[in-house]
Amino acid sequence: MLPDVRTAAEWLQPDNIAAAAEHLLEHMPFDQPREALESDVIRALQDSDHIDFEWSSRVDTTCELHGTYSSPPARIRVSRKQPTARAHFTAAHEFGHHLQRHDDQWAMDVMAVLRRSDPVMMRHVEEAVSNCVAVDLLMPERIVEDAWTGQLTPAFIRALTRNGQVSRQAAIIRASAWSQESEPHAVIIVADPLTGLVLSSVSHETSSLTRPPKNSVQPDFRALPAGPEGIRGATEGFIYSTNSARSDITYDWGWDASGTHLLIVARPTYRFGTAQWDRDDVECQSASCDSSFSRNDAVLCPTCMHHVCPDCGACGCERRRGTTCADCGMEMSIRESQIGTTHEECPF
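1. Remarks on the sheet that holds strand E3 (residues 75-79)
- Read from one edge of the open sheet, three strands run E1-E3-E2, paired in mixed fashion. The open sheet is flanked by strand E1 (52-56) and strand E2 (67-70), the only strands paired with a single partner. Averaged over all pairs of adjacent strands, the angle between strand axes in this sheet comes to 15°, irrespective of strand direction.
- Here helix H5 (residues 84-102) sits on the sheet and contacts E1, E2 and E3; the angle it forms with E2, its principal contact strand, is near 20°.

In structure tokens form, the structure reads like this:
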């Protein structure tokens, strides 16, 4: 049964979105069983006589997903120019639009009313419901229950990706929602192991741990692959754009199904007490430079993704031997070599 709510803001509550998606799936007028959609959504759509499914080299859409739904006749088009897991999510998302158009109660009592009263927010509701339909089809409750061991771990998230059939982003959203009661403060992150770049993250609105910004470089993540998978305490912690770092964090990390990206469950080290904040300074990578500097004032080297020292110009890249001091024979910094032939304060 659909929730008895009226406004778009009420519909956008996660519980109401989930109830709407389940209503649509339970009452779907479709010629393929739900089990077939859950097993292989694209194959089920291709086998259907109710929907024309097409692969396309290009899909013109304002949606962030590379797919479209049109009706009548009902047609789903999905671009081939996306990873397999993403294509599955796109197809399931567009199928969610199909269900919303063909469920009389939803279309007439909810969508038509919202379209008249608040068309902009109605679009957000429609997209959120389609996303929830996709999540329910790609990661049905039986699969989540089989993978759940009672604790939120990278292995649980990896199992939800179903060996690459489901995108990492969809899996972390599902894992976060499933573990909300047991892990209210956990932050789930997908990161690049070489650069430490945050690709995506999710947490609950009430979490005491703020997510690291997307596309931010987190030095701790770059160091994780040097040790075994499992639990490790933070060194620098989450680095934020406010020139501060929170270091009272514990990481539980593991590789994704492809072995190319990190799956990280971050938690506050202590459930109770005051958060630990540190000044976010960076030490120069060069052994001949004693500088430390604010991360906000630094520039990332596009090659090694380490910060470039504003004093000597060093980063994490392996450098050729530079100019040596005429007095002691030791290497000089870039700045010193530009202004003279000896150290400003020669040690000998």
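2. A word on the packing of helix H2 (residues 14-26) against helix H7 (residues 119-138)
- The N-to-C vectors of H2 and H7 enclose an angle of 65°; their axes lie 9 Å apart at closest approach. The chirality of how H2 crosses H7 is right-handed. Facing H2, whose interface residues are Ile-17, Ala-18, Ala-20, Ala-21, Glu-22, Leu-24 and Leu-25, H7 presents Val-125, Ala-128, Val-129, Cys-132, Val-133, Asp-136 and Leu-137.

3. Points about helix H6 (residues 104-117)
- Under the 1.5 Å per step criterion, the end-to-end length of H6 is 19 Å for 14 residues, consistent within 8% with the ideal 20 Å.
- Where H6 bends most, at Met-111, the angle is about 30°.

4. Brief notes about the sheet that holds strand E6 (residues 230-233)
- In space, the five strands of this open sheet follow the order E5-E4-E10-E9-E6, with antiparallel pairing throughout. Strands at the two margins of the open sheet, each flanked by one partner only, are strand E5 (198-203) and E6. Ignoring strand direction, the axes of neighbouring strands in this sheet form an average angle of 25°.
- Judged from the four bridges that link them, E6 and strand E9 (residues 249-255) form a sheet pairing that is antiparallel.

5. Side note on the packing of aromatic side chains
- Applying the stated criterion across every chain, the model contains nine aromatic pairs.
- Relative to Tyr-251, the ring of Phe-221 has its centre 5.6 Å away and its plane inclined at 75°; by these criteria the two rings are edge-to-face. With Phe-221 in helix H11 (residues 219-223) and Tyr-251 in strand E9, the pair connects residues that are 30 residues apart, well separated along the chain. Across this residue pair, the class does not change: Phe-221 and Tyr-251 are buried.
- Every member of this aromatic cluster is reached through a ring pair, and the members are Phe-221, Phe-238, Tyr-240 and Tyr-251.

6. Re the pattern of salt bridges
- Taken as a whole, this structure holds 13 salt bridges when the rule is applied.
- Of the charged contacts, one joins Arg-75 and Asp-52 as a salt bridge, the two residues approaching to 3.7 Å between their closest N and O atoms. One end of the pair, Arg-75, is in strand E3; the other, Asp-52, is in strand E1, and 23 residues separate them in sequence.
- Exposure remark for Asp-52: the relative accessible area of 36% places this residue in the partly exposed category.

Quick notes on the rules
- Residues numbered from 1 in each chain as written.
- Predicted model: local features only at pLDDT ≥ 70, side-chain atom pairs only at ≥ 80, totals over all residues.
- Heavy atoms only, no water.
- Pairing = 2+ DSSP bridges.
- Helix = DSSP H or I, 4+ residues; strand = E, 2+ residues; numbered from the N terminus.
- Axes fitted to C-alpha atoms, helices over the stretch in contact; angles between N-to-C directions.
- Contact = heavy atoms within 4.5 Å.
- Left-handed = near helix turned anticlockwise from the far one by under 90°.
- Expected span 1.5 Å × (residues − 1).
- Bend = angle between axes of the 7 residues up to and from the residue.
- Phe/Tyr/Trp six-rings, centres within 6.5 Å; stacked < 30°, edge-to-face > 60°.
- Buried < 20%, exposed > 50% of the residue type's maximum accessible area, 1.4 Å probe, protein only.
- Salt bridge = Lys/Arg side-chain N within 4 Å of Asp/Glu carboxyl O.

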